[in-house]
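This is what each chain is made of:
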Amino acid sequence: MKIAFFDAKPYDKVAFDKFCGENDIKIKYFETKLNEDTVNLSKGYDGVCVFVNDTVNKAVIDCLVELGVRVILLRCAGFNNVDIKYAKNKIKVLRVPAYSPYAVAEHTIALLLTSIRRIHKAYIRSRDYNFSLSGLTGFDLHGKTIGVIGTGRIGKAFIDICKGFGMKVLAYDKFPDNSIIDGDKVKYIELSELFKQSDIISLHCPLMADTHHIIDENAIDIMKKGVVILNTSRGALVDAEALLNGIKSRKVGAACLDVYEEESELFFEDNSGHIMEDEILARLISMPNVIVTSHQAFLTEEALENIAETTIKNFTDIMCNNYSENEIKLEI
Ligand code: NAD
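All values reported here derive from a predicted model rather than from experimental measurement. (Residues numbered from 1 in each chain as written. Predicted model: local features only at pLDDT ≥ 70, side-chain atom pairs only at ≥ 80, totals over all residues. Heavy atoms only, no water.)

## Quick notes on the confidence of the model for the protein
The following threshold applies: For every residue, the pLDDT score states the predictor's confidence, bounded by 0 at the bottom and 100 at the top. Numbering of helices and strands runs from the N terminus, with a helix taken as a DSSP run of H or I at least four residues long and a strand as a DSSP run of E at least two residues long.
For the protein, per-residue confidence averages 96 on the pLDDT scale, and 99% of positions sit at 70 or higher. Mean pLDDT across the elements of the protein bottoms out in helix H1 (residues 10-20) (92) and peaks in strand E9 (residues 200-203) (99).

## Re the site of the ligand
Basically, it comes down to this: We call a residue near a molecule or strand when any one of its heavy atoms sits within 4 Å of it. Between N or O atoms, a polar contact is any pair within 3.5 Å; within protein, one atom must be a potential hydrogen donor and the other a potential acceptor, and residues adjacent in sequence are included only when both atoms are from side chains. Accessibility throughout is a Shrake-Rupley quantity obtained with a 1.4 Å probe, and a residue counts as covered only by protein chains that appear here. Here the term charged refers only to Asp, Glu, Lys and Arg, the term nonpolar to Ala, Val, Leu, Ile, Met, Phe, Trp, Tyr, Cys and Pro, and the term polar to all other amino acids, Gly among them.
Close to the ligand lie 23 residues, the nearest being Tyr99, Arg153, Ile154, Asp173 and Thr232. One of the side-chain nitrogen or oxygen atoms of Asp210 is found 3.3 Å away from a nitrogen atom of the ligand. A distance of 3.3 Å separates an oxygen atom of the ligand from a polar atom in the side chain of Arg234. The fraction of the free accessible surface of the ligand (870 Å²) that becomes covered by protein chains is 88%. Class assignment for the residues of the shell around the ligand results in nine nonpolar, eight polar and six charged.

## Let's talk about the sheet that holds strand E7 (residues 168-172)
To be explicit about the condition: One bridge is not enough; two strands pair if DSSP finds at least two bridges between them. For helices, the fitted axis covers only the stretch in contact; all axes are lines through C-alpha atoms, and the angles between them, taken along N-to-C directions, range from 0 to 180 degrees. Contacts between residues were defined by any pair of non-hydrogen atoms, one from each residue, lying within 4.5 Å.
The strand order across the open sheet formed by seven strands is E8-E7-E6-E9-E10-E11-E12, and the pairing between neighbours is parallel. Each of the sheet's edge strands pairs with one partner strand only, and the pair in question is strand E8 (186-188) and strand E12 (290-292). Strand-to-strand twist of the sheet, defined as the mean angle between neighbouring strand axes without regard to direction, takes the value 15°. On the sheet, helix H6 (residues 153-164) packs against strand E6 (145-149), E7, E8, E9 and strand E10 (227-231) and is oriented at approximately 170° with respect to E6.

## Points about the packing of helix H4 (residues 101-116) against H6
Geometry of a packed helix pair, given as the angle between the helix axes and the separation of the axes. Operational definition: Convention used here: angles under 35 degrees read as roughly parallel, angles over 145 as roughly antiparallel, angles from 65 to 115 as roughly perpendicular, and any remaining angle as oblique. Take the far helix as the reference: if the near one is turned anticlockwise from it by less than a right angle, the crossing is left-handed, and if turned clockwise, right-handed.
At a minimum axis distance of 8 Å, the contact between H4 and H6 shows a crossing angle of 50°. The angle between the axes of H4 and H6 places the two elements in the oblique class. As for the relative orientation of H4 and H6, their crossing is right-handed in sense. Taken together, the residues of H6 that come into contact with H4 (itself represented by Pro101, Tyr102, Val104, Ala105, Glu106, Thr108 and Ile109) are Arg153, Ile154, Ala157, Phe158 and Ile161. The residue inventory of the contact of H4 with H6, partitioned by class, reads nine nonpolar, one polar and two charged.

## Quick notes on the pairing of strand E11 (residues 252-257)
What counts here: For each residue, the accessible area found with a 1.4 Å probe, counting protein chains only, is set against the maximum for its type, and the residue is called buried under 20%, exposed over 50%, and partly exposed in between. Viewed with both strands pointing away, a crossover whose connecting path from the first strand over the helix to the second turns clockwise is right-handed.
Most of E11 is tucked away, with five of its six residues classed as buried. Alignment of E10 against E11, held across five bridges, turns out to be parallel. Across the sheet, residue Val227 finds its bridge partner in E11, namely Val252. The parallel pair E10 and E11 is bridged by helix H9 (residues 240-248), and the resulting crossover is right-handed. Judged from the three bridges that link them, E11 and E12 form a sheet pairing that is parallel. By the bridge assignment, Cys256 is partnered in E12 with Ile291.

Okay, structure coming up:
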């Protein structure tokens, strides 16, 4: 049983090699991403393994089917980069629905604390023996109101952390889970009210047609002045240009982004020797109150191990039984 593994990084190889040996699976690691130009590399493989920035559109799916590939293994939870509707009845698509919600939730709070306590500035100053505190004044999280959009696995783990800090949580979800309601500490609220009342807003919903640009110019208009926006979910949940305008006008107090709308050609790669063509990203990164990480919220040892274990199980389930509980089946 053979897998063509796209967009492979050294840390992927470490995690996957541990599990494929036990299961008599051969993996060929390709550094390139899967797209229309590279899909022919999948010839002779039973499955392809892809990540968040591989392109699995109609043309790629047609080619995979033609090459006899049986399964697309997403080594992530989100599947917005796969044309699921088109794949239906042609090729199986599997994902890893949960691997460590704590990894993403903890990275989100790390970004928030770094931003509001100016740790990124202090770190650079003290390396230069500059021990001045001017400009490093932050604010307490205790008592602040945080709006959490999406209360699934990651949203819930994040809410637990926020409760620990003594924050008041306003939640919004298309499918609320009333078990998380906790008096005045955690309550569900309409999205527009969440925008109006929150000091900090964190995104934990999937990217879908109805969540695309869920934070846009209109949303930012009704937010509190000085609002802190956190996005560790998917880039296109936020209209990056509207965010930049919000930062420039001082309406948005700070932004922490682990994901970016146009990240696919940039993130996970060393672009330090290149001219940054993306003007919006370049401008955002230049802001003292914006922190960008390169889609690394998932990157913990625990998460990588869980991703590899589940992906290999997904593959063997399909190859041996033609069934996996992690197959993506949308009612479409
Ligand atoms: P999940 O499926 O457990 O939870 C998603 C929640 O969003 C659900 O409660 C769902 O009801 C809700 N939702 C769906 N549509 C909505 C809408 N229109 N408005 C508001 N809420 C809506 O998923 P999860 O494991 O918590 O992951 C959440 C997201 O985090 C993923 O979709 C993925 O995009 C992102 N993610 C990012 C990283 C990273 O490294 N940065 C890693 C893993 C996941």
